[in-house]
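Working through the structure, step by step
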Amino acid sequence: PVSNGTPEDPRLAAIAADIDKARFGAMLLDADWNLVWVSEEMKKFCFYPPYEPLYGRHAIENYMSDAFCRLVTEESQMEMMMQQSPYLMWGTQGGKEGYKKLVRAAQQEWIDSGHDIPEWAKAQGVSAAETVDLMEQMIDQMEPAEPPPVTVGAFDFLYEDLPPTRIAEINIKLVDEAGETYGYLMLYLPALPAGVLQLVTRGDEGMFERMVDLVHPGRNPAAILFCDLQDSGALSRRLPSAAYFKLVR
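Let me sum up the structure you'll find in this document. (Residues numbered from 1 in each chain as written. Predicted model: local features only at pLDDT ≥ 70, side-chain atom pairs only at ≥ 80, totals over all residues. Heavy atoms only, no water.)

What about the overall build of the protein?
In plain terms, the rule: Secondary structure counts use DSSP, requiring at least four H or I residues in a row for a helix and at least two E residues in a row for a strand, with both numbered from the N terminus. A radius of gyration in this sense is built from C-alpha atoms; the matching globule rule multiplies 2.2 Å by the number of residues raised to 0.38. Accessible area is worked out with a 1.4 Å probe on protein chains only. A residue is then buried under 20% of its type maximum, exposed over 50%, and partly exposed in between. Only the protein chains shown count as covering a residue, and every accessible area follows the Shrake-Rupley method with a 1.4 Å probe. The convention is simple: Lys and Arg are positive, Asp and Glu are negative, and His and the chain ends are not counted. For the purpose of locating charges, the reference atoms are NZ of Lys, CZ of Arg, CG of Asp and CD of Glu.
Counting its secondary structure elements, the protein contains twelve helices and seven strands. Computed over C-alpha atoms, the radius of gyration of the protein comes to 23 Å, more than 25% over the 18 Å expected from 2.2 N^0.38 for 249 residues, which places it beyond the range of a compact globule. With the C-alpha coordinates aligned to their principal axes, the bounding extent of the protein is approximately 75 × 50 × 35 Å. When burial is assessed residue by residue, the protein has 36% of its 249 residues classed as buried. Just so you have it, the protein exposes about 15100 Å², and 57% of that area is on carbon and sulfur atoms. Distance between charge centres in the protein, computed from 21 positive and 38 negative side chains, equals 10 Å.

Below, the structure written as structure tokens:
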């Protein structure tokens, strides 16, 4: 249904263009939960080489891929699985049984690739093969549910050697004039209070962009400039803090 991550559905393509202009981290999926597009901002931290979006593949196959699992804590992975599986079953071809086949295949592919079994499986003392059966048993206890217009979740995001941070995931069901679902928009935003977020965004955007580029190891040209105001210590004692920092800026 896609070519190089460009949605064929013009409605999805129009949304994709607007999301990229707004510079959001986001994904678009079709009505069958197959990935059709990833925003440019999301590619920067999620899909740089050797990681690639699995275009045309089901959302659960992407969520269980190396690209996603390396960025989300195991606890959050299980929370997302429990929260989203009933909705993902709803639009999946083959319903619950079709979804179970996708999960089993994705889990088996993960194990065959040489990845270690999850910590929750180690705690139960099960083998790698048995984790596949356990996943299927968990899904057996769920039933498909029609996704509401909007669902909101959150997960702990891992990035390089930085401390985990909380990210909000907002899933929006896209419905046409006739009430038919034609896709899903998934937005990823910092799970910060709006009051805190508006302060963070007042920082130097150019500096933040350069910091993102420097997260990945490598040799980079750099210069260090140190400067100070003459008699700054005396000034700081004489001026109120707000006036002093205004002067320095």
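Quick look at the packing of aromatic side chains
Where we set the bar: Each Phe, Tyr or Trp ring, with Trp reduced to its six-membered ring, pairs with another whose centre is within 6.5 Å; inter-plane angles below 30 degrees give stacked pairs, above 60 give edge-to-face pairs, and intermediate values give tilted ones. A ring has a charge above it when a Lys NZ or an Arg CZ is no more than 6 Å from the ring centre and no more than 35 degrees off the ring normal.
Enumeration over the complete set of coordinates arrives at six aromatic pairs. Judged by centre distance (5.8 Å) and plane angle (75°), the ring pair of Phe-47 and Phe-68 falls under edge-to-face. A residue pair is termed long-range when its members are at least 10 positions apart, and Phe-47 in the loop between helix H2 (40-46) and helix H3 (59-63) and Phe-68 in helix H4 (residues 66-69) qualify at 21 residues. With respect to burial, Phe-47 and Phe-68 carry one shared label: buried. An aromatic cluster is present here, built from Phe-47, Tyr-63 and Phe-68 joined pairwise through their rings. One Lys or Arg, Arg-11, reaches over the ring of Tyr-182 and ends 4.0 Å from the middle of that ring. Taking the ring centre of Tyr-51 as reference, the NZ or CZ of Arg-70 above it sits at 3.7 Å.

Focus on the packing of helix H5 (residues 74-91) against helix H6 (residues 95-112)
Our working definition: In this analysis an axis means a line fitted to C-alpha atoms, helices contributing only their contacting stretch, and an angle means the value between N-to-C directions, from 0 to 180 degrees. Note on terminology: angles under 35 degrees are roughly parallel, angles over 145 are roughly antiparallel, angles of 65 to 115 are roughly perpendicular, and the others are oblique. Here, two residues are considered to be in contact whenever any of their heavy atoms come within 4.5 Å of each other. When residue character is reported, Ala, Val, Leu, Ile, Met, Phe, Trp, Tyr, Cys and Pro are called nonpolar, Asp, Glu, Lys and Arg charged, and the others, Gly included, polar.
Contact geometry for H5 and H6: axes closest at 9 Å, N-to-C directions at 130°. When the axes of H5 and H6 are compared, the pair comes out oblique. On H6, the residues touching Met-81, Ser-85, Leu-88 and Met-89 of H5 are Gly-95, Lys-96 and Tyr-99. The residue makeup of the contact of H5 with H6, split by class, is four nonpolar, two polar and one charged.

Regarding unusual backbone geometry
You will see that Arg-23, though not glycine, has its phi angle at about 65°, which is positive. With respect to the helices, strands and loops of the structure, Arg-23 is situated in the loop between helix H1 (10-22) and strand E3 (25-29).

Concerning the pairing of strand E4 (residues 35-38)
We apply this condition: When DSSP finds two or more bridges between a pair of strands, those strands are recorded as paired.
Two elements, E3 and E4, share three bridges in a ladder whose sense is antiparallel. Note on E4: the bridge partner recorded for Met-27 is Val-38.

Focus: the nonpolar core
This is how it is decided: Here, nonpolar core refers to any group of buried Ala, Val, Leu, Ile, Met, Phe, Trp, Tyr and Cys residues whose side-chain atoms link them within 4.5 Å.
Core analysis: the largest hydrophobic core is formed by 33 residues, its most contacted members being Met-27, Tyr-63, Tyr-99 and Tyr-188. Ranked by residues supplied to this core, first place goes to H5 with four residues. Look past the residues within four positions of Tyr-63 in its chain and what remains in contact with it is Met-27, Phe-68, Cys-69, Met-80, Gln-84, Glu-169, Met-186 and Tyr-188.

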